[in-house]
Amino acid sequence: MSSIKTMLGVLACKGARASLRVAKSGGTTLPGRAAMFFDKNILADVSKNMDIIVVTGTNGKTTTCNMLEQALSSTGVDVLANKSGANLLKGVTAEFCANANWKGVPKKKYAIIECDEGALKQVVPLIKPKVILVTNLFRDQLDRYGEVTHTLEQIRMGVEKAPESILCLNADCSLTASLAKDVPNKVVYYGIDCPYGEQKEPEVSDAKYCINCGEEYKYEYHTYAHLGGFYCPKCGYKRSQTNTAVTAINKLSAKGTDVTMEFRSGDKVDKENVLISLPAIYNVYNAVGAVCAYTAAGFKREDILKSLSVTSSSFGRMETFDLDGVDVQMILVKNPAGCNQALTYVTSMDEYEAVICLNDKTADGHDISWIWDAEYERLASDDSLKKLIVSGDRAEDIALRLKYAGLDESKIELIKGWDNLVNAMKKSEYPVFVLPNYTSMLALRKTLAEVTGAEEFWKG
């Protein structure tokens, strides 16, 4: 029986969201705040008896959720997903309230929820997810989270409040995998069981030393950053055996990736070739993680394997726009590890122009010192780069970083104002790759959506 507080909270949320949508605003926080004014734990009621997969971690949350949601939708399931990226408690609350009836009863049985690492401990005790998938842990938003071990502890506190949830952990991330220690949860692992790229010491490592004893990790192989076949020569902590894994990367191109996946259950091992419609190695991790979580939740593996070949990009993550005949691809970057992978992808292209946008708003983290750890030198040595535009509130800072990276200053143009930037991109004779951080991505994407007719991020 729904309480009066629950019903009032739902009505307040729906009213606030409707008003904001009329005003052409996404309305991702205020509606949740309105609902919680009447009942601070309303999320427990409006998510009751739902089967929920929660995805958290530093990189890959939105894309992994998109893969999971599209797989379920392809089977005819009506699934709730916080596509807007509102992944804090108020935003998640708003999504569930908006998708409940006026009594607070959920309209849908299934949900795929992206959750901020710091908010996990607030969200999961209320929604009681069936599965929690942790993608990876990288240094991110230093002024908010501090060191990466603090982020790890935030996630651990969340996991401890959801002992009934199945944990899907990235075996290749020594930090993520350590969450399995001393928990009652059932744990399954996913990862890439083969090397990728040049096998050298990682350029950026946020987990160089053993989390248990402090000894420097050794690696049987690397994929990128601190991910790979790690082991501690002193205490024996090492990468766990995977339940779902990529065992071969057969072809990786700008149009997508062909991999071999293995699925292990006891002594039984199945193997399949899988097409992933999105490019770049980090999307291989997103895909294999999504498969692991999907099957852990009890859904049919063949459904998501088929869906991965046609999964479209989520907003700002490998999203492509046709700007008056110019192909513009947007790739969100927010920390050194992710930025380096985006640079690897972009510099593999033929002739192109690049745009780097940098803000320092609260959602980005006010500390932008991470740009000095990213390898922008790759752009300086790439003859295929024809022009580079910098923009955003901290455009001057990124221009200075590029100068120190050795980039030819004649190739760099500073443009302020999103309309001015879009007009400049229209004139390009080459494909344009845009590397924005979070709030600059939202602002630029809004302008691009208005010009190209793409949907706003909060729709759909």
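For the structure, see preceding data.
Residues numbered from 1 in each chain as written. Predicted model: local features only at pLDDT ≥ 70, side-chain atom pairs only at ≥ 80, totals over all residues. Heavy atoms only, no water.

*Asks:* I would appreciate a short explanation of the overall build of the protein in the present structure.
*Replies:* Regarding its fold elements, the protein presents 16 helices and 17 strands. In terms of C-alpha radius of gyration, the protein reaches 22 Å, essentially the compact-globule figure of 23 Å for 460 residues. Total accessible area computed for the protein in this model is approximately 18,900 Å², and 48% of it derives from carbon and sulfur atoms. The averaged location of the 58 negative side-chain charges in the protein is 7 Å from the averaged location of its 54 positive side-chain charges. (Helix = DSSP H or I, 4+ residues; strand = E, 2+ residues; numbered from the N terminus. Rg over C-alpha atoms; globule rule 2.2 N^0.38 Å. Areas by Shrake-Rupley, 256 points an atom, 1.4 Å probe, with all protein chains shown as cover. Lys, Arg positive; Asp, Glu negative; His and termini not counted. Charge placed at Lys NZ, Arg CZ, Asp CG, Glu CD.)

*Asks:* Please clarify how the environment of threonine 93 should be interpreted in this entry.
*Replies:* Within the secondary structure layout, threonine 93 lies in helix H5 (residues 89–98). In this structure, the C-alpha to C-alpha distance between threonine 93 and serine 47, residues 46 residues apart in sequence, is 9.1 Å. In contact with threonine 93, other than residues within four places in its own chain, are Gly32, Ala35, Met36, Ile42 and Leu43. (Contact = heavy atoms within 4.5 Å.)

*Asks:* I would appreciate a short explanation of the pattern of salt bridges in the present structure.
*Replies:* When their charged atoms lie close together, side chains carrying opposite charge are able to pair. A complete count under the given rule lists 24 salt bridges for this structure. Note that lysine 61 is salt-bridged to glutamate 117, the shortest N-O span being 3.4 Å. A residue pair is termed long-range when its members are at least 10 positions apart, and lysine 61 in helix H4 (residues 61–74) and glutamate 117 in the loop between strand S3 (110–114) and helix H6 (120–127) qualify at 56 residues. The residues lysine 61 and glutamate 117 share a single accessibility class, namely buried. A salt bridge links lysine 387 to glutamate 413, with the shortest nitrogen-to-oxygen separation between them at 2.9 Å. Residue lysine 387 is found in strand S15 (residues 385–391), and its partner glutamate 413 is found in strand S16 (residues 412–414); the two are separated by 26 residues along the sequence. The network of salt bridges with common partners includes Asp172, Asp193, Arg239, Glu262, Arg264 and Lys271. (Salt bridge = Lys/Arg side-chain N within 4 Å of Asp/Glu carboxyl O. Buried < 20%, exposed > 50% of the residue type's maximum accessible area, 1.4 Å probe, protein only.)

*Asks:* Quick question: what am I supposed to make of the sheet that holds strand S17 (residues 432–436) here?
*Replies:* By definition, the strands of a sheet pair up through backbone hydrogen bonds, in either a parallel or an antiparallel sense. Strands sit in the order S12-S13-S17-S14-S15-S16 across an open sheet of 6 strands; the sheet is mixed. With one partner strand each, in any of the chains shown, strand S12 (317–323) and S16 form the two edges of the open sheet. Taken pair by pair, the neighbouring strands of this sheet meet at an average axis angle of 20°, ignoring direction. Sheet topology note: the strand S14 (residues 352–357)/S15 ladder contains 6 bridges and is parallel. Along S15, the bridge assignment pairs valine 355 with isoleucine 389. (Pairing = 2+ DSSP bridges. Axes fitted to C-alpha atoms, helices over the stretch in contact; angles between N-to-C directions.)

*Asks:* Is there a simple way to think about the packing of helix H2 (residues 30–38) against H5 in this case?
*Replies:* When two helices pack together, their arrangement is given by the angle between their axes and by how far apart the axes lie. Interaxial distance between H2 and H5 falls to 7 Å at its minimum, and their mutual angle equals 80°. In terms of orientation, H2 lies roughly perpendicular with respect to H5. Where H2 abuts H5, its residues Pro31, Gly32, Arg33, Ala35 and Met36 lie against Leu89, Lys90, Thr93, Ala94 and Cys97. Residue composition of the contact of H2 with H5, by class: 6 nonpolar, 2 polar and 2 charged. (Parallel < 35°, antiparallel > 145°, perpendicular 65-115°, else oblique. Nonpolar A, V, L, I, M, F, W, Y, C, P; charged D, E, K, R; others polar.)

*Asks:* Sorry, what's going on with the pairing of strand S4 (residues 131–134) here?
*Replies:* If a strand is regular, its side chains alternate between the two faces of the sheet. By the alternation rule, side chains of S4 split into Val131 and Leu133 and Ile132 and Val134, which are all buried. Here strand S1 (residues 51–56) pairs with S4 via 4 bridges, running parallel. Considered in S4, the bridge of isoleucine 53 is made with valine 131. Bridge count between S4 and strand S5 (residues 166–170): 4 bridges; the pairing is parallel. Residue pairing across strands places leucine 133 opposite cysteine 168, the latter belonging to S5.

*Asks:* Any chance you could explain the side chain of serine 165 here in plain terms?
*Replies:* Looking at where serine 165 falls in the secondary structure, it is placed in the loop between helix H8 (148–160) and S5. Within polar-contact distance, the side chain of serine 165 engages the backbone oxygen of proline 129 at 2.6 Å. Once residues lying within four places of it in the same chain are set aside, the contact partners of serine 165 are Pro129, Lys130, Ile132, Asn185 and Lys186. (Polar contact = N/O pair within 3.5 Å; in protein donor to acceptor, adjacent residues only side chain to side chain.)

*Asks:* Help me understand the environment of valine 346 in this model?
*Replies:* Checked against the element boundaries, valine 346 lands in helix H12 (residues 336–346). For the pair valine 346 and valine 434, spaced 88 residues apart in sequence, the C-alpha to C-alpha distance is 9.5 Å. When neighbours within four sequence positions are excluded, valine 346 is seen to be in contact with Ile331, Tyr352, Phe433 and Leu435.

*Asks:* Honestly, the nonpolar core in this entry has me stumped. Any pointers?
*Replies:* What tends to happen in soluble globular proteins is that the nonpolar side chains get buried as a cluster. Phe96, Met261, Tyr376, Leu379 and Leu402 are the most contacted members of the largest nonpolar core, which has 128 residues in total. The element contributing the most residues to this core is helix H10 (residues 281–296), with 11 residues. Apart from the residues within four sequence positions on either side, methionine 261 is in contact with Ala245, Val246, Asp270, Lys271, Glu272, Val274, Ala287, Val288, Val291, Leu305 and Leu308. Counting residues in hydrophobic clusters, the runner-up holds 20 residues, among them Phe321, Val355, Cys357 and Met425. (Core = buried A, V, L, I, M, F, W, Y, C linked by side-chain atoms within 4.5 Å.)

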